[in-house]
Amino acid sequence: MKAIGNWSKEILLILMALVFLSPIYIIFINSFKNRLELYDNTLAFPEEFSLQYYSAAMQRMDFLNAFLNSIYVTVVSVVFIVILSSMTAWMLARSGNWVSTVIFMTLIATMLIPFQTIMMPLMQMVTGITRTTGIPLYNTLSGLIFMNIGFHAALSVFLYHGFIKSIPISLEEAATIDGATKFGVFWRVVFPILTPITATVMILNVILIWNDFLLPSLTLIDKDLRTIPLSVFYFFGEFTIEWNLAMAGLTLTIIPVVIFYIIAQKYIIKGIGEGAVK
Amino acid sequence: MANRKKIGWYLIFTVPLLLIFTLIVLVPFVIGIYYAFFQWDGIGANPMVFNGLDNFVRLMEDERFLRSTWLTVLFTVLSVITVNAVGLAFALLVTSKLKLANLARTMLFMPYLIGGLILGYIWQFVFLDVFTLIGDVTGLESIFFNWLNNEDFALFALVFVFTWQMAGYVMIVYIAGIQGIPGEVIEAARIDGASGWQRFLRITVPLLMPAFTISLFLTLSYGFKIYDVNLSLTGGGPANATELFAMNIYNEIFGYGNYGYGQAKAIVFFVIIAAITLTQVYITKKKEVEM
Amino acid sequence: MAFNKKFVTGMTFAATISLLAACGGGGGDEGGSEGGSGEQSQGISIFQTKVEISEQLEAAAEAYTEETGVPVEVIGTTGDDYAQQLQIRLNNGTGPSIMSVQNAEVAERLESYLYDLSGEDFVSNIAPDMELMLDDKLVGVPYSVEGFGIVYNTEMVDPADIQDYDSFVSTLEDFNAEGINGFGLSSEAYFLIGHISNYPFSLQEDPVEFMEQLSNGEVTLTETEEFQRFGEFMEAIRDNTPTPLNTTYDTQVGDFAAGQTAMIHQGNWAAGMLDEFEVDFEYGMAPFPLEGNDKLAVGVGSNWAVNAEKDQAEIDAAIEFLDWLHNSETGQRFIVEEFGFIPAMTNIEAGDLDPLSQAVLEASNSGETIPWSHNYYPANVVPNDFTPVAESFFVNEDMTGEELVENLQAAWENAAQ
């Protein structure tokens, strides 16, 4: 009896998830249709599942190059974000003085600033720095990475900060008594405990950076530096969209993130489990 | 001596990030504040005329801005409620012992993987084709019609899509929180005879407070700042019924070419939402249970 | 715990690698960015709105580089954010050497960035009145000639039946009775109100002067006859057709191609999409009969302009490129065949044209046209002010055409201040 109850629950859960996902069905199905088919019925199956729009999209996007650029920017940005923001968050959370409070509040307050209001001064500054000091911030992937770190710092510190507050301080104190430096304590004791939140921070930042259009479009000029979202622009005309190519491009864009998410989400659960066992 | 060492470590841990952050976010923001006191169209070569507080006075009488502010607040409040309710429900579901929970967890998170612009276009199809289809089939045409063309419903359409996109996102935060609750605590409560609902209200909810802080804040900040879904789903229409705040500023700056005035709006709004959200963080942080 | 250690080791390793890579990558990038402005020959960059020709323009740029050795970088953008990106680029000194300027209103804002092309050779070939002038300076070279009007299905509509208000409305009513959409607009700003709002302006004796007077408050729309008639037209359209707000550009053209709409308000640019829909009937373009108007609205969608802030070498290189594009055989081939433009130059022969472009070309050659007034509207008045007005007009069935014009008047005042 109970087995049947569980069964129906399982089915219900998946059904619900499927309904929830149905708009993605629209994306997928229409990446195989020409304009006429799309017009006839948005929801119907295509006449044939041919990959022609995928290969056309890949070609026009210069997919491999864009993919490598995106991977490079995303991986390096996220690694820096994880390292720097976990360290910062730990310091801010564990030293309860007013400076830390002010810094923390400033960080989270800036999460409320719409990007549109700072993009102009930002770009003026960035090109100004490039021109006067020669530090290549503008039109380079490294510059984009640098800006990504700045923009995603607040969210990451915020997430780490909340998590660190919830873990017992006793372990750190024990390690300190054993004579470890702050650096040692953090990397050997604290950071491993942070694994689940690190996975969360990584997932959220990977998605934000992977999908970001506005910042790369402002900072990158050279064609061979384009990231994936930038290279999709061909399919968006002034008044109209080449739906099949845009949808194919979009599907190609999100597949890597889905794979990453599936891998990374295990760490959220596992990490927590092991953290509790100690 | 020890104190000096402590400060040294403090600086080593925090300065690299804060330096980058200051340069990339804070400095441009402060420069933006400076522009708010000028009459300027945002073209470098064109004259910038200092006009003191005129921009700030003017926006008190700007009906379109006031309406947009009200719509944004309404949108955000509704979204915060729906996103968190749905997200928490999802989190509870997928952390239950069901076998397919892992699969469901991935599927429920997928909407967030899609960038906002294209998402709005997809939902246009849904409202136009699917909603009208459901209306035809079920006869519930008063509920299922193209919400996007109705001045009253377009905002709900936006809330709907935003919820769809963000629920999976806050779900992750809640999952992390739920997994962090030691099994023994819940087990002990069960042995003491607490019902499922009681266990949820008395144990799960209080211990989830940190997750609430984070999720509420994230949805608030994303809600207030929403732009690309707004642009691609409704474009602010019909008849400006969904012109939310970020779009209003954007139109002011790049549409009407009032850069200084747009910045003034941005700052006033920033002060308001900062006050609201920081209060929220402060309150919920206080309620967190220290472990 | 063992797992966590592995994770940390992995992370640290990844961090080290990427740090190294970042430094290495930084070096590599530098080379890349300098390539654009290398010493050997002055490179140029192009930033433009018309995404539809991006790829072809890149091909043209390559062909040019091959012929002359001058590197040309085409910067990508989606049509939507062009204006914003251009503004940011100009402000931080990284503006392109060649940019597109849509109309006089934009040119005025960007005045200090627009190089005076008056003396250049190739501009003498620009068709009469097609150049973009700012005072007495020639600042923009037209992309192409474009035109809009009523695109009709020849099997369903006889142009003789839509020559004035009465016949137009009775045609709409007939179609309505048959369950066919007589006249399709679509929900996007320019297709909903932007283009169609041209007629009452363009029928004024001197549209530009009229708009100036309007902005100064010397005339009002409500008191102008063409606008009163325009209100009546819009009311008739709303009352006899399904709401355009449920229609996108795609479905508008699709409905027409499927025979569900007899006429749509569109331009010759829609021909490409009609092809994609595999239309199996003939179609043509007819004038919109406001006050008996019998002319198509013909104008220029966008213009090439040269960035005056660049140093002289780059400006010269940019002019060379435009000269090549409009004077060389290869360049002209790109304009006609690859971009699919109706050339706005007297020295370029139009290629094989679709029926809509043919109609526009003929009108343009005979001079039987009315101008595009929307190029002189206050900046962005169409998406920002007119569109909300039109949306509420189509949503609220009880709003009259007269009220529509009143609201357009208010919208204009708001934008012109």
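The residue count restarts for each chain, going from 1 along the sequence in the order it is written. As they are written, the chains are lettered A onward and the ligands numbered 1 onward, keeping that order. Totals for whole chains, interfaces and linings use every residue, but because this is a predicted model, local features are given only for residues with pLDDT of at least 70 and side-chain atom pairs only at 80 or more, for both listing and counting.

Filter applied, for reference: UniProt positions are given in the numbering used here, feature names are shortened, and annotations may be inferred rather than shown by experiment.
The name given to chain A in an unreviewed UniProt entry is Carbohydrate ABC transporter permease, and the organism recorded there is Planococcus halotolerans. A UniProt comment under Subcellular location (unreviewed entry) is attached to chain A, and it reads "Cell membrane". Quoted straight from UniProt, the Sequence similarities (unreviewed entry) entry for chain A says "Belongs to the binding-protein-dependent transport system permease family."

A short note on the overall build of chain A
Using the following cut-off: Every helix listed is a DSSP run of H or I at least four residues long, and every strand listed is a run of E at least two residues long, numbered separately from the N terminus. Field definition: a residue is buried when 20 or more other C-beta atoms are found within 10 Å of its C-beta, exposed when 12 or fewer are, and partly exposed for counts in between, with C-beta atoms placed from the backbone. Residue pairs qualify as contacts under a 7 Å threshold applied to their C-beta atoms, which are placed from the backbone.
Each helix and strand counted, chain A has 13 helices and zero strands in total. Starting at the N terminus and walking to the C terminus, you meet the elements of chain A as α-α-α-α-α-α-α-α-α-α-α-α-α. If one aligns the C-alpha atoms of chain A with their principal axes, the spans along those axes are about 75 × 70 × 30 Å. Split into buried and exposed, the 278 residues of chain A put 53% on the buried side. Long-range contacts, defined here as pairs at least 24 residues apart, represent 74% of the contacts in chain A between residues at least 6 apart.

Some remarks on the overall build of chain B
Per the secondary structure count, chain B includes 12 helices and two strands. Start at the N end of chain B and walk to the C end: the helices and strands fall as α-β-β-α-α-α-α-α-α-α-α-α-α-α. Taking the principal axes of its C-alpha atoms as reference, chain B extends roughly 80 × 75 × 30 Å. Here the analysis covers contacts within chain B between residues at least 6 apart in sequence; of these, 72% occur between residues at least 24 apart.

A word on unusual backbone geometry
A positive phi angle, close to 50°, is found at B:Ala239, a residue other than glycine. Here B:Ala239 shows up in the loop between helix H10 (228-233) and helix H11 (245-255). Classification of B:Ala239 by C-beta neighbours within 10 Å gives buried; the count is 20. At C:Glu291, a position not held by glycine, the phi torsion is positive, near 50°. Structurally, C:Glu291 is set in the loop between strand S9 (283-286) and strand S10 (296-300).

Digging into the interface of chain B and chain A
Which entries qualify depends on this criterion: Residues are grouped as follows: Ala, Val, Leu, Ile, Met, Phe, Trp, Tyr, Cys and Pro are nonpolar; Asp, Glu, Lys and Arg are charged; every other residue, Gly included, is polar.
Facing 68 residues of chain B, the contacting portion of chain A comprises 70 residues. A per-element tally of the side of chain B that touches chain A places helix H1 (residues 2-35) of chain B first, with 18 residues. Grouping the amino acids of the side of chain B that touches chain A by side-chain chemistry returns 53 nonpolar, 11 polar and four charged.

Quick notes on the pairing of S10(C)
Across a regular strand the side chains alternate sides, sitting on one face of the sheet and then on the other. All names here are of chain C. Spelled out, the test is: One requirement defines pairing of two strands: DSSP has to find at least two bridges between them.
Among the five residues of S10, five are classified as buried, and the element is accordingly described as predominantly covered. Of the strand pairs in this sheet, strand S6 (residues 145-153) and S10 are connected by four bridges, and their pairing is antiparallel. For Phe148, the partnering residue across the bridge sits in S10 and is Ala297. Alignment of S10 against strand S12 (residues 369-370), held across two bridges, turns out to be parallel.

A word on the UniProt feature "transmembrane region" (unreviewed entry) in chain A
Residues and elements named next belong to chain A. UniProt tags residues 12-32, 71-90, 102-123, 143-164, 185-210 and 243-264 as "transmembrane region" (unreviewed entry). Counted over residues 143-164, helix gives 100% and strand 0%. Its end C-alpha atoms are 30 Å apart. Span residues 243-264 is 100% helix and 0% strand, its end C-alpha atoms 31 Å apart.

Things to note about the UniProt feature "domain: ABC transmembrane type-1" (unreviewed entry) in chain A
Sequence positions flagged by UniProt for "domain: ABC transmembrane type-1" (unreviewed entry) are, in local numbering, residues 67-264 of chain A. Taken end to end, residues 67-264 of chain A has its terminal C-alpha atoms 20 Å apart, with 78% of it in helix and 0% in strand.

What about the sheet that holds strand S11 (residues 303-306) of chain C?
Residue and element names in this part refer to chain C. As a reminder of what qualifies: Each axis is a line fitted through C-alpha atoms, and for a helix only the stretch in contact is used; angles between axes span 0 to 180 degrees, taken between their N-to-C directions.
If you walk across this open sheet you meet the six strands as S2-S1-S3-S11-S5-S4, and the pairing is mixed. This sheet does not close on itself; its edge strands, each paired only once, are strand S2 (72-75) and strand S4 (132-134). On average, each strand axis in the sheet is tilted by 30° relative to the strand beside it, whichever way the strands run. As judged from the two bridges shared by strand S1 (residues 44-47) and strand S3 (residues 98-101), these two strands associate in the parallel manner. Paired with Phe47 across the two strands is Met99, which belongs to S3. Against the sheet, helix H2 (residues 54-68) contacts S1 and S2, and its axis sits at roughly 170° relative to S2.

Thoughts on the interface of chain B and chain C
Across the contact, 18 residues belong to chain B and 21 residues belong to chain C. The element best represented in the side of chain B that touches chain C is H11(B), accounting for three residues. Looking at side-chain class alone, the side of chain B that touches chain C contains seven nonpolar, nine polar and two charged residues.

Let's talk about the packing of helix H15 (residues 381-395) of chain C against helix H16 (residues 401-416) of chain C
All names here are of chain C. The criterion, for reference: Roughly parallel means an angle under 35 degrees; roughly antiparallel means over 145; roughly perpendicular covers 65 to 115; every other angle is labelled oblique. The crossing is said to be left-handed when, going from far helix to near helix, the turn is anticlockwise and less than a right angle, and right-handed when the turn is clockwise.
Packing of H15 against H16 leaves a shortest axis separation of 9 Å and a crossing angle of 160°. As summarised for this structure, H15 and H16 are arranged roughly antiparallel, according to the angle between their axes. Crossing of H15 against H16: the hand is right-handed. Along the contact surface, H15 presents Val381, Asn384, Asp385, Phe386, Val389 and Phe393, while H16 presents Leu404, Asn407, Leu408, Ala411, Trp412, Asn414 and Ala415. The class makeup of the residues in the contact of H15 with H16 is nine nonpolar, three polar and one charged.

Describing the nonpolar core
Short version of the rule: Put simply, a nonpolar core is buried Ala, Val, Leu, Ile, Met, Phe, Trp, Tyr and Cys residues tied into one set by C-beta atoms within 7 Å. By convention here, the domain bounds are inherited from an automatic or database domain assignment.
In this structure, B:Leu158, B:Met171, C:Val151 and C:Phe321 are the most contacted members of the largest nonpolar core, which totals 306 residues. When residues of this core are assigned to domains, at least three fall in each of domain 1 (44-144 + 301-346) and domain 2 (146-299 + 363-416) of chain C.

Regarding the confidence of the model for chain A
Residues and elements named next belong to chain A. Heads up, the condition is: The predictor reports its confidence for every residue as pLDDT, a score running from 0 up to 100.
Averaged over all residues, the pLDDT of chain A is 86; the fraction at 70 or higher stands at 95%. At the level of individual helices and strands, chain A shows its lowest average pLDDT in helix H13 (residues 243-277), which scores 75, and its highest in helix H4 (residues 63-94), which scores 95. Confidence drops under pLDDT 50 across residues 271-278; counting only partners more than four residues distant or on other chains, this segment forms 12 contacts.

Quick notes on the environment of C:Gly69
Residues and elements named next belong to chain C. For Gly69, the position within the fold is in the loop between H2 and S2. Gly69 sits in the exposed class, given 9 other C-beta atoms within 10 Å. When the C-alpha atoms of Gly69 and Gly43 are compared, they prove to be 9.1 Å apart, with 26 residues separating the residues in sequence.

Some details on the environment of C:Asp129
Of note, C:Asp129 is situated in the loop between helix H4 (104-109) and S4. Sequence separation between C:Asp129 and C:Pro371 is 242 residues; the distance between their C-alpha atoms is 9.9 Å.

Some thoughts on H11(B)
Residue and element names in this part refer to chain B. H11 sits mainly inside the fold: 11 of its 11 residues count as buried. Every buried residue of H11 is listed here: Phe245, Ala246, Met247, Asn248, Ile249, Tyr250, Asn251, Glu252, Ile253, Phe254 and Gly255. Among the residues trailing H11, Gly257 stands out with phi positive, at a value near 70°.

Here's the deal with the pairing of strand S5 (residues 137-142) of chain C
Residue and element names in this part refer to chain C. Burial analysis of S5 places five of its six residues in the buried class, which makes it a mostly covered element. As defined by bridge partners, S4 adjoins S5 across three bridges and the pair is classed as antiparallel. Following the sheet pairing, Leu132 is matched in S5 by Gly140. Joining the antiparallel neighbours S4 and S5 is a turn of two residues, in which Asp135 adopts a positive phi near 55°. Here S5 pairs with S11 via two bridges, running antiparallel. Looking at S11, one finds that Val141 is bridged to Trp304.

Focus on the confidence of the model for chain B
Atom-level detail of predicted coordinates should not be read off regions where pLDDT is low. Residues and elements named next belong to chain B. Mean pLDDT over chain B works out to 86, with 98% of the residues at or above the 70 mark. The least confident element of chain B is helix H7 (residues 183-191), whose mean pLDDT is 80; the most confident is helix H3 (residues 63-94), at 93. For this predicted complex, the interface confidence comes out at an ipTM of 0.88, alongside a pTM of 0.85.

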